[in-house]
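# Topology and contacts: notes
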Amino acid sequence: METARSSERQRTAAERRRRELLEAADRVVLRDGPKASMNAIAAEAGITKPILYRHFGDKGGLYRALAKRHTDALLSALRAALDAPAERRARVEATLDTYLAAIEARPQVYRFLMHPADGAAETADASPAAEQGFDVGRHSAPLLRRLGEELGQVIVERVDLGPDSEQMARIWGHGIVGMMHAAGDWWLADRPCSRERLVSSLADLLWGRLAEAGDRDVKGGPGF
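Here's a quick rundown of the structure. Worth saying up front: this structure is predicted, and the values here are computed from it rather than measured.

Here we take up the overall build of the chain. For the chain, the helix and strand inventory stands at nine helices and two strands. Listing each helix as α and each strand as β along the chain from the N terminus yields α-α-α-α-α-α-α-β-α-α-β. Going through the 224 residues of the chain one by one, you find that 41% of them count as buried. Residue pairs in contact within the chain that sit at least 24 positions apart in sequence constitute 70% of those at least 6 positions apart. If you sum the accessible surface of the chain, you get close to 11900 Å²; carbon and sulfur atoms cover 52% of it.

Attention shifts here to helix 5 (residues 88–105). Taking 1.5 Å per residue as the helical rise, helix 5 with its 18 residues ought to reach 26 Å, and the 25 Å between its terminal C-alpha atoms agrees with that figure. If you check which residues of helix 5 are buried, you get Arg88, Arg91, Val92, Thr95, Leu96, Tyr99, Leu100 and Ile103.

Enumeration according to the criterion identifies one aromatic pair in this entry. Plain terms: the ring middles of Tyr63 and Phe112 are 5.6 Å apart, the flat faces sit at 40 degrees to each other, and that makes the pair tilted. Note that Tyr63 is positioned in helix 4 (residues 59–83) and Phe112 in helix 6 (residues 107–114), a separation of 49 residues in sequence. Exposure remark for Phe112: the relative accessible area of 1% places this residue in the buried category. When the ring centre of Trp207 is taken as reference, the NZ or CZ atom of Arg89 above it lies at 5.7 Å. Over the ring of Trp187 we find Arg191; its NZ or CZ atom is 4.6 Å from the centre of that ring.

Within the secondary structure, Glu23 sits in helix 1 (residues 2–32). Spatially, the C-alpha atom of Glu23 lies 9.1 Å from that of Leu66, the residues being 43 residues apart in sequence.

This brings us to unusual backbone geometry. Notably, Arg191 is not glycine yet its phi reads approximately 45 degrees, a positive angle. For Arg191, the location among the structural elements is in the loop between helix 8 (165–190) and helix 9 (195–212). Classification of Arg191 as partly exposed rests on a relative accessible area of 41%.

Turning our attention to the pattern of salt bridges. Scanning all chains against the criterion turns up 15 salt bridges. Here Arg69 ties to Asp26 by a salt bridge, and the two come within 2.9 Å at their closest N and O atoms. With Arg69 in helix 4 and Asp26 in helix 1, the pair connects residues that are 43 residues apart, well separated along the chain. Residue Asp26 is classed as buried on the basis of its relative accessible area, which comes to 8%.

Here we take up the packing of helix 5 against helix 8. Their axes nearest at 10 Å, the elements helix 5 and helix 8 cross at an angle of 40 degrees. Compared by their axis directions, helix 5 and helix 8 come out oblique. Two packed elements cross with a definite hand, and for helix 5 against helix 8 that hand is right-handed. Packed against helix 5, whose contacting residues are Leu96, Tyr99, Leu100, Ile103 and Glu104, the element helix 8 presents Met179, Met180, His181, Gly184, Trp187 and Leu188 at the interface. The residue makeup of the contact of helix 5 with helix 8, split by class, is eight nonpolar, two polar and one charged.

What follows is about the environment of Pro192. Mapped onto the elements, Pro192 comes out in the loop between helix 8 and helix 9. Of the residues examined, Pro192 reaches a relative accessible area of 43% and is grouped as partly exposed. Each residue touching Pro192, except ones within four places of it in the same chain, is listed here: Trp186 and Trp187.

Each pair of packed helices can be summarised by the angle the axes make with each other and by the distance between the axes. Contact geometry for helix 2 (residues 38–45) and helix 3 (residues 49–56): axes closest at 9 Å, N-to-C directions at 100 degrees. In this view, helix 2 runs roughly perpendicular relative to helix 3, as classed from their interaxial angle. In this structure, helix 2 uses Met38, Asn39, Ile41 and Ala42 to contact helix 3, whose residues at the interface are Lys49, Leu52 and Tyr53. A breakdown of the residues in the contact of helix 2 with helix 3 according to their chemical character gives five nonpolar, one polar and one charged.

Thresholds applied
Residues numbered from 1 in each chain as written. Predicted model: local features only at pLDDT ≥ 70, side-chain atom pairs only at ≥ 80, totals over all residues. Heavy atoms only, no water. Helix = DSSP H or I, 4+ residues; strand = E, 2+ residues; numbered from the N terminus. Buried < 20%, exposed > 50% of the residue type's maximum accessible area, 1.4 Å probe, protein only. Contact = heavy atoms within 4.5 Å. Areas by Shrake-Rupley, 256 points an atom, 1.4 Å probe, with all protein chains shown as cover. Expected span 1.5 Å × (residues − 1). Phe/Tyr/Trp six-rings, centres within 6.5 Å; stacked < 30°, edge-to-face > 60°. Lys NZ or Arg CZ within 6 Å of the ring centre and 35° of its normal. Salt bridge = Lys/Arg side-chain N within 4 Å of Asp/Glu carboxyl O. Axes fitted to C-alpha atoms, helices over the stretch in contact; angles between N-to-C directions. Parallel < 35°, antiparallel > 145°, perpendicular 65-115°, else oblique. Left-handed = near helix turned anticlockwise from the far one by under 90°. Nonpolar A, V, L, I, M, F, W, Y, C, P; charged D, E, K, R; others polar.

What is shown is where atoms sit, not what they do.
Take a look at the structure:
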């Protein structure tokens, strides 16, 4: 019994420490964006870099942990927008706006997740002078794919697209995420129009088939 309690205490302490390290990493990312380094994150957390590697394995492991943290939060916000008690067009616009508001509020986090810094991947024994940015390109595609799959699942649950609903919903999910990502990336960099104008224009692009599709019977909430 005591062994089990000790193991549980150790697991809880490890989870708490991991959460603290991710919060330190977040602070560095908010400051440095894609140029965030393991050295800076370790310094922010008050530990040495080998200890940071012990928790996450390598820079890719830390990136994936941060990506999951932020993707989970974004998906929760997107689902809340989809579940709002409003007409379908309003919920479509709210969902688009939720994504754009998230990248606008924390642009450095967005750039860290989606834009690789120059340079090669870092190893645990890299010197400060040799340290380069995170190799984001290898990891951002799975992040977008997860968003696409999640949105496709929401669509298939809520929208009746006919006999090929499941396949069509996956196509739409990945297509909508790709559209939001490309349009949001362009908009965040150039700010060619207001967020409201971009949301309305993207909703117009989506609206044709969405306006015609029927809702599925969703228990306890609206359709799409």
